[in-house]
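Listed below, chain by chain, are the residues.
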Amino acid sequence: AIDKAALGEFLSLPDPKEGPLFHKETLDAFVSGFDFAAYRIDEALRIFLQAFRLPGEAQKIDRVMEAFAGAYYHANPDPFYHQDACYVLAFSIIMLNTDLHSTKIAAENKM
């Protein structure tokens, strides 16, 4: 079995400023393996995030959420005006879920 944390770290790595886009293409290929057409965004996000462990670094989460948003928007363009709206909603769901369930966030700092 593939280690979910290692997979998340690998998929979220940045590509070098010059040269091939290996990590982006790998992430895009990974995301294209999901069919989000029959799901609401929260359901699709849950299915997607069960396949790997999301890394903790904000830039890495950003890369993964951008890829997810592109795939979700492609499968479900109707509820969104633009792919960026899908990205903002997906990222917001992640932030709210983290805020709700993280024991590292003090009660007075919760949203």
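Anything mentioned here points back to the structure above.
Caption draft 1: The overall build of the protein, seen in detail. Each helix and strand in the protein was counted, giving five helices and zero strands. Listing each helix as α and each strand as β along the protein from the N terminus yields α-α-α-α-α. A globule of 111 residues ought to have a C-alpha radius of gyration of about 13 Å, and the protein, at 15 Å, matches this closely. Dimensions of the protein, computed from C-alpha atoms along their principal axes, come out at roughly 45 × 35 × 30 Å. In the protein, which comprises 111 residues, the proportion classed as buried is 29%. Partitioning the contacts of the protein with sequence separation of at least 6, the portion at a separation of at least 24 is 48%. Element-wise, carbon and sulfur atoms account for 58% of the exposed surface of the protein, whose accessible area totals about 7400 Å². Within the protein, the 16 negative side-chain charges are centred at a point lying 7 Å from the centre of the 10 positive side-chain charges.

Caption draft 2: How the structure looks around the packing of aromatic side chains. Within the structure shown, the criterion is met by 14 aromatic pairs. Judged by centre distance (5.0 Å) and plane angle (75°), the ring pair of F48 and F52 falls under edge-to-face. Both residues of the pair, F48 and F52, belong to the buried class. A centroid spacing of 6.2 Å and a plane angle of 80° characterise the contact between Y72 and F80, whose relative ring orientation is edge-to-face.

Definitions and limits used
- Residues numbered from 1 in each chain as written.
- Predicted model: local features only at pLDDT ≥ 70, side-chain atom pairs only at ≥ 80, totals over all residues.
- Heavy atoms only, no water.
- Helix = DSSP H or I, 4+ residues; strand = E, 2+ residues; numbered from the N terminus.
- Rg over C-alpha atoms; globule rule 2.2 N^0.38 Å.
- Buried < 20%, exposed > 50% of the residue type's maximum accessible area, 1.4 Å probe, protein only.
- Contact = heavy atoms within 4.5 Å.
- Areas by Shrake-Rupley, 256 points an atom, 1.4 Å probe, with all protein chains shown as cover.
- Lys, Arg positive; Asp, Glu negative; His and termini not counted.
- Charge placed at Lys NZ, Arg CZ, Asp CG, Glu CD.
- Phe/Tyr/Trp six-rings, centres within 6.5 Å; stacked < 30°, edge-to-face > 60°.

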